[in-house]
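# Inside the fold
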Amino acid sequence: MERDVDLLVVGAGPTGLFAAYYAGFREMNVAVVDALPEPGGQITAMYPEKMIFDVAGFPAVRGRDLVNGLVEQAAQFKPTYLLGRQARTCESIEDGLRVGLADGSSINTKAVLITAGMGEFNPRPLPAGDGRLGRGMVHFVPVLAEHAGQHVVIVGGGDSAFDWALALHPIAASVKIVHRRASFRAHAATVRQVRELGVEIITDAEVLALRGEPLSEVDVKVKGGDARTLPAQTVVAALGFTADLGPIESWGLELDHRAVLVDSTMKTKLDRIYAAGDVAQYPGKVKLIATGFGEAATAVNNIAVALNPSAHLFPGHSSDGS
């Protein structure tokens, strides 16, 4: 099956969703493809209940609410969503590109905008939790209420570990953090908040075993000390993720580690292919959701001119004429 669109957005995270809105505003017919089954990218998959504090205009916004707002914003222009389908191949055709999807279908498009974030994520394993995923161990917490009244042990020292501690503390029976070092990668302010809540933080420690069916206890060994047994119905293994761009890496783009190099118009070295959001790289790049929104608008406006040289780069404000 083939579809024909003006713009194919590869990645349905915040940047991709805003690009879908903005391309509709520029009167483009848009399709959005993503390997995940729901829009929202990493936010939906990893932290829909977490509060986000660096989106302009929102003192704080819950991840799920931000995604819902972006989907609603784009909906007025009726983009086509092709979710649960990975973009695999990209080839030049007359007047555009053909992108092949994992399900065997293909999209004929005049341009591609890659908004794939950091690509496909794979959680770093917790050795003691081998075989326990879904049986008391999780890597992220999409629904906080599922852990109400539970004893929760969070393993890790980064932002995610401390963010989950803040989110779970009001509803869990107890929350403890176990980290293999004495220092943390998390923001100092977040660490301070967690400490002020009285959450126990066990440092220089490793998890030896998860015990019970269903999970009831976790054995922890502190360096130079004795082993401890902690009550736990859930272990959150917040040890970070590895990521790669998957098949996109074979498209012939110029890459810098896991990012796609772009110019000031967000264009890659390949004709008609642009990138925006965390996947895009240029000197001075700052990886924020807010940055991605601006890059999406920059990319779409430049794509509009590339597809129609008589079009204006600046289309006017969306509020004009209202």
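Residues numbered from 1 in each chain as written. Predicted model: local features only at pLDDT ≥ 70, side-chain atom pairs only at ≥ 80, totals over all residues. Heavy atoms only, no water.

On to the packing of aromatic side chains. Evaluation of the coordinates by the stated rule reveals 8 aromatic pairs. Between Tyr-22 and Phe-25, the aromatic rings sit 5.4 Å apart at their centres with planes inclined by 70°, giving edge-to-face as the arrangement. Remark: Phe-25 and Tyr-22 occur in helix H1 (residues 14-25); sequence separation between them is 3 residues, near one turn of the helix. A residue is classified by how much of its surface remains accessible, and Tyr-22, at 12% relative accessible area, is buried. Accessibility expressed as a relative area gives 22% for Phe-25, which makes it partly exposed. Plain terms: the ring middles of Phe-162 and Phe-184 are 5.0 Å apart, the flat faces sit at 75° to each other, and that makes the pair edge-to-face. (Phe/Tyr/Trp six-rings, centres within 6.5 Å; stacked < 30°, edge-to-face > 60°. Helix = DSSP H or I, 4+ residues; strand = E, 2+ residues; numbered from the N terminus. Buried < 20%, exposed > 50% of the residue type's maximum accessible area, 1.4 Å probe, protein only.)

With parallel pairing, 5 strands are arranged side by side in an open sheet as S10-S17-S11-S12-S13. Among the strands making up the open sheet, the edge pair consists of strand S10 (137-138) and strand S13 (200-202). Pairing between S10 and strand S17 (residues 234-237): 2 bridges, direction parallel. Bridge assignment links Val-138 to a residue of S17, and that residue is Val-236. (Pairing = 2+ DSSP bridges.)

For the rest of this paragraph, the subject is helix H6 (residues 289-307). Taking 1.5 Å per residue as the helical rise, H6 with its 19 residues ought to reach 27 Å, and the 27 Å between its terminal C-alpha atoms agrees with that figure. Restricting attention to buried positions, one finds in H6 the residues Ile-289, Gly-292, Phe-293, Glu-295, Ala-296, Ala-297, Ala-299, Val-300, Asn-301, Asn-302, Ile-303 and Ala-304. (Expected span 1.5 Å × (residues − 1).)

So, about the packing of helix H4 (residues 159-168) against helix H5 (residues 188-196). Axis separation between H4 and H5 bottoms out at 10 Å; the angle between their running directions is 35°. H5 is crossed by H4, and the crossing has left-handed handedness. In this structure, H4 contributes Phe-162, Asp-163, Ala-165 and Leu-166 to the contact, and H5 contributes Thr-190, Val-191, Gln-193 and Val-194. Looking at the contact of H4 with H5, its residues break down into 5 nonpolar, 2 polar and 1 charged. (Axes fitted to C-alpha atoms, helices over the stretch in contact; angles between N-to-C directions. Left-handed = near helix turned anticlockwise from the far one by under 90°. Contact = heavy atoms within 4.5 Å. Nonpolar A, V, L, I, M, F, W, Y, C, P; charged D, E, K, R; others polar.)

Right, let's talk about the UniProt feature "binding site: FAD" (unreviewed entry) in the protein for a bit. Under the UniProt annotation, the feature "binding site: FAD" (unreviewed entry) is placed at Thr-15, Asp-34, Gln-42, Tyr-47, Ala-87, Phe-121, Asp-278 and Ser-319. Not counting the four nearest positions on each side in its chain, Phe-121 is found in contact with Gln-42, Phe-241, Thr-242 and Ala-243. (UniProt positions renumbered as here; feature names shortened; annotations may be inferred.)

So, about the pairing of strand S7 (residues 96-101). Burial analysis of S7 places 5 of its 6 residues in the buried class, which makes it a mostly covered element. One ladder, built from 6 bridges, connects strand S6 (residues 87-93) with S7; its direction is antiparallel. Residue pairing for S7: Thr-89 is matched across the bridge by Gly-100. Counting the residues in the hairpin turn of S6 and S7 gives 2 residues, including Asp-95, whose phi is positive at 60°. In terms of strand pairing, S7 meets strand S8 (residues 106-114) through 4 bridges, oriented antiparallel. Residue Leu-97 lies in a different strand from S8, and its bridge partner there is Thr-109.

Relative to the helices and strands, Arg-132 is located in the loop between strand S9 (120-123) and S10. Judged by its relative accessible area of 8%, Arg-132 is buried. Residues in contact with Arg-132, not counting those within four places in the same chain, are Met-137, Leu-210, Arg-211, Gly-212, Glu-213 and Leu-215.

Another point: the UniProt feature "domain: FAD/NAD(P)-binding" (unreviewed entry) in the protein. Residues annotated by UniProt as "domain: FAD/NAD(P)-binding" (unreviewed entry) correspond here to residues 6-287. Across residues 6-287, the secondary structure splits into 18% helix and 34% strand, with the terminal C-alpha atoms separated by 27 Å.

Domain parsing of the protein yields domain 1 (2-121 + 241-307) and domain 2 (125-236). Inter-centroid distance (C-alpha atoms) of domain 1 to domain 2 is 33 Å. Contact residues are listed per partner, giving 8 residues for domain 1 and 9 residues for domain 2. Summed over both partners, the interface of domain 1 with domain 2 buries about 660 Å², with 64% contributed by carbon and sulfur atoms. The largest per-residue losses of area from domain 1 upon contact with domain 2 belong to Met-46, Glu-49 and Lys-50, which jointly make up 62% of the total buried on that side. Inspection of the region where domain 1 meets domain 2 yields 1 salt bridge. Two residues, Lys-50 and Asp-163, come together in a salt bridge whose shortest N-O distance is 3.1 Å. (Domains from an automatic or database assignment. Buried area = accessible area lost by both parts, 1.4 Å probe. Salt bridge = Lys/Arg side-chain N within 4 Å of Asp/Glu carboxyl O.)

The next subject is unusual backbone geometry. The omega torsion across Glu-213 and Pro-214 is 0°, close enough to zero to call that bond cis. Relative to the assigned elements, Pro-214 resides in the loop between strand S14 (205-211) and strand S15 (217-222). Unusually for a residue other than glycine, Lys-78 sits at a positive phi of about 55°. Located in the positive-phi region is Asp-95, a residue other than glycine, with phi close to 60°. Within the secondary structure, Asp-95 sits in the loop between S6 and S7. Residue classification places Asp-95 among the exposed residues on the basis of a relative accessible area of 52%.

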